[in-house]
Amino acid sequence: MQSSRLSTALWSLFGAASTLFLLSPIVLVVAFSFGENSLATVPLGGLTFKWYGKLLADPNFWSALRNSLIVTLSAGATSTVVGTLAAMTLA
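Since this is a predicted model, take the numbers as computed values, not measurements.

Considering helix H1 (residues 2-33)
In this model, H1 (32 residues) spans 46 Å end to end at C-alpha, consistent with the 46 Å of a helix rising 1.5 Å per residue. Roughly 40° is the biggest bend found in H1, and it falls at Leu23, with proline Pro25 one to four residues downstream.

Below is the structure:
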């Protein structure tokens, strides 16, 4: 009984550490995106939305976003249809 609790606790700790390891780059990118500096440095040097304003003003961003949405919706619809048909075939 004690071994089972220890095993569960260790697996939970491993899962939490793995999740933290995988999500930390995303958290850092978001945190650095609000900094005034053009390079990712600590300290951030003040908080700003300047980079988001530049991003939204760039016409290339909007075309890339449109292309990404087309690809995402196409892949999602295709995989939904194929997955549903496969599930119906297996059932």
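So, the side chain of Thr48
Within the fold, Thr48 resides in the loop between H1 and helix H2 (50-57). According to the relative accessible area criterion, Thr48 is buried, its value standing at 18%. Here Lys50 takes part through its backbone nitrogen, which lies 3.0 Å from a polar atom of the side chain of Thr48.

A look at helix H3 (residues 59-90)
Taking 1.5 Å of rise per residue, 32 residues should cover 46 Å, and H3 covers 46 Å from first to last C-alpha, within 8% of that figure. Between a side-chain oxygen at the N-terminus of H3 and the backbone nitrogen of Asn60 the separation is 3.2 Å; the capping residue is Asp58.

Some thoughts on a nonpolar patch on the surface
Taken together, the side chains of Phe49, Tyr52, Leu55, Leu56, Trp62, Leu65, Leu69 and Leu73 make up a nonpolar region of the molecular surface, amounting to roughly 810 Å² of accessible area. Breaking the nonpolar patch down by element, the ones donating at least two residues are H2 and H3. For Phe49, the location among the structural elements is in the loop between H1 and H2.

Conventions used here
- Residues numbered from 1 in each chain as written.
- Predicted model: local features only at pLDDT ≥ 70, side-chain atom pairs only at ≥ 80, totals over all residues.
- Heavy atoms only, no water.
- Helix = DSSP H or I, 4+ residues; strand = E, 2+ residues; numbered from the N terminus.
- Expected span 1.5 Å × (residues − 1).
- Bend = angle between axes of the 7 residues up to and from the residue.
- Buried < 20%, exposed > 50% of the residue type's maximum accessible area, 1.4 Å probe, protein only.
- Polar contact = N/O pair within 3.5 Å; in protein donor to acceptor, adjacent residues only side chain to side chain.
- Patch = residues over 30% accessible without salt bridge, like charges linked within 9 Å, V, L, I, M, F, W, Y side chains within 5 Å.
- Areas by Shrake-Rupley, 256 points an atom, 1.4 Å probe, with all protein chains shown as cover.
- Salt bridge = Lys/Arg side-chain N within 4 Å of Asp/Glu carboxyl O.

Structural measurements only, silent on function.
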